[in-house]
Each structure stands twice: as C-alpha cells, then as structure tokens.
Amino acid sequence: MFIAMNRFEVLRDQAAAFEAVWLTRQSRLVGEPGFIVFHLLRHIETGEGDTILFASHTVWRSRADFEAWTQSTAFQDAHKDGARTRDMLKGGPRFEGFEVVQEVTA
C-alpha cells in the first residue's frame, strides 16, 4: 500500500472556512483504480501559534496507482480550484508519500 498526504498550515482564523471548502467539494477519488480511503485530518488543538495543521490523507493499493491518478483528468479536476484556499494558508501544502511496511488490523 501507499499513503499520500498533503500537510497544510491553515491560519487559525481561517480554519472553519478551510474545512468548509473540503467538506463541500466533490471528491474525484471514488472509483479511481487502487483508491482505498481518504481522510481530512485536523491536528489536536494546543491553542498556540497562528496556524492549525491539517492533512489530506489518502490510502492507495500501490504507489503506481497513486502516481497514475496524479496524471489523470480526475486529479486535474480535483485540484483546479486550489486557489480557493491559498489565502487561508501559511505557505503552500507539503506533500509526503509513504510506502506501507506493516499493517495491523482489528
């Protein structure tokens, strides 16, 4: 499996608006070959600093499936409105990719 994450430092006063953009947007992931699950993650609040960390987290059957999706029309469509959140962020998103070494399930 492969996990793809984008980390976003969201300005504290824009956190609710950032969530609303994600919660109301149409997902382009369902039905994509190799896609397993998506999560939008919000870091546990400490009340410190001027940002709140969010991460988009997708799990794929393989790195090849993820990379194929990044070349697809669905990927382009999913990211065409990225500018909607640009002013909500401190800097740009930071991508992190992970090969799954071990999985333990219930």
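Quick caveat: nothing in here was measured; it's all calculated off a predicted structure.

**A word on the environment of Ser 56**
And step 1. In this fold, Ser 56 is placed in strand E3 (residues 51–60).
And step 2. Once the C-alpha coordinates of Ser 56 and Phe 95 are considered, the two residues, 39 residues apart in sequence, prove to be 9.4 Å apart.
And step 3. Leave out the neighbours within four places in its chain, and Ser 56 touches Ala 4, Met 5, Asn 6, Phe 8, Trp 22, Phe 38, His 39 and Leu 40.

**Quick look at the pattern of salt bridges**
And step 1. This model, assessed by the stated rule, comprises 7 salt bridges.
And step 2. Close ionic contact of Glu 19 with Arg 42 constitutes a salt bridge, the shortest N to O distance being 2.4 Å. Placement of Glu 19 in helix H1 (residues 15–24) and of Arg 42 in strand E2 (residues 35–42) is noted, with a sequence separation of 23 residues between them.
And step 3. On the basis of relative accessibility, which here comes to 49%, the residue Arg 42 falls in the partly exposed class.
And step 4. We note a salt bridge from Asp 65 to Arg 61, for which the minimum N-O separation is 2.8 Å.

**Quick word on the nonpolar core**
And step 1. Counting 10 residues, the largest nonpolar core is built from Phe 8, Val 10, Ala 15, Phe 18, Val 21, Trp 22, Ile 52, Phe 54, Met 88 and Leu 89.
And step 2. Top contributing element to this core by residue count: H1, with 4 residues.
And step 3. In contact with Met 88, not counting residues within four places along its chain, are Glu 9, Val 10, Leu 11, Gln 14, Ala 17, Phe 18 and Val 21.
And step 4. Counting residues in each nonpolar core, the second largest holds 8 residues, with Ala 4, Phe 35, Phe 66 and Trp 69 among its members.

**As for helix H2 (residues 63–70)**
For an α-helix, 3.6 residues make a turn, and residues three or four places apart therefore share a direction.
And step 1. Within H2 the residues assigned to the buried category are Asp 65, Phe 66 and Trp 69. Along the axis of H2, the buried positions cluster into a sector of 100°, meaning they face one direction only.
And step 2. Where H2 is buried, its residues contact strand E1 (2–11), E3, helix H3 (73–79) and strand E4 (94–99).

**Observations concerning the packing of aromatic side chains**
And step 1. According to the stated counting rule, one finds 12 aromatic pairs in the structure shown.
And step 2. Both rings, one in Phe 66 and one in Phe 95, keep their centres 5.8 Å apart while their planes meet at 10°; by these two values the pair is stacked. Taken together, the positions of Phe 66 in helix H2 and Phe 95 in strand E4 put the pair 29 residues apart, joining distant regions of the chain.
And step 3. An aromatic cluster is built from Phe 2, Phe 35, Trp 60, Phe 66, Trp 69, Phe 75 and Phe 95, whose rings are joined through pairwise contacts.

**Comments concerning H1**
And step 1. Those residues of H1 lying buried are Ala 15, Phe 18, Glu 19, Val 21 and Trp 22. Seen from one end, H1 has its buried residues packed into an arc of 155°, which puts them on one side. With respect to the buried face of H1, the exposed residues turned more than 90 degrees away are Ala 16, Leu 23 and Thr 24.
And step 2. Contact partners of the buried residues in H1: E1, E2 and E3.

**Things to note about the environment of Thr 46**
And step 1. Structurally, Thr 46 can be placed in the loop between E2 and E3.
And step 2. A sequence separation of 22 residues divides Thr 46 from Ala 68, and the C-alpha atoms of the two residues are 38 Å apart.

Rules and cut-offs
- Residues numbered from 1 in each chain as written.
- Predicted model: local features only at pLDDT ≥ 70, side-chain atom pairs only at ≥ 80, totals over all residues.
- Heavy atoms only, no water.
- Helix = DSSP H or I, 4+ residues; strand = E, 2+ residues; numbered from the N terminus.
- Contact = heavy atoms within 4.5 Å.
- Salt bridge = Lys/Arg side-chain N within 4 Å of Asp/Glu carboxyl O.
- Buried < 20%, exposed > 50% of the residue type's maximum accessible area, 1.4 Å probe, protein only.
- Core = buried A, V, L, I, M, F, W, Y, C linked by side-chain atoms within 4.5 Å.
- Arc of directions from axis to C-beta.
- Phe/Tyr/Trp six-rings, centres within 6.5 Å; stacked < 30°, edge-to-face > 60°.

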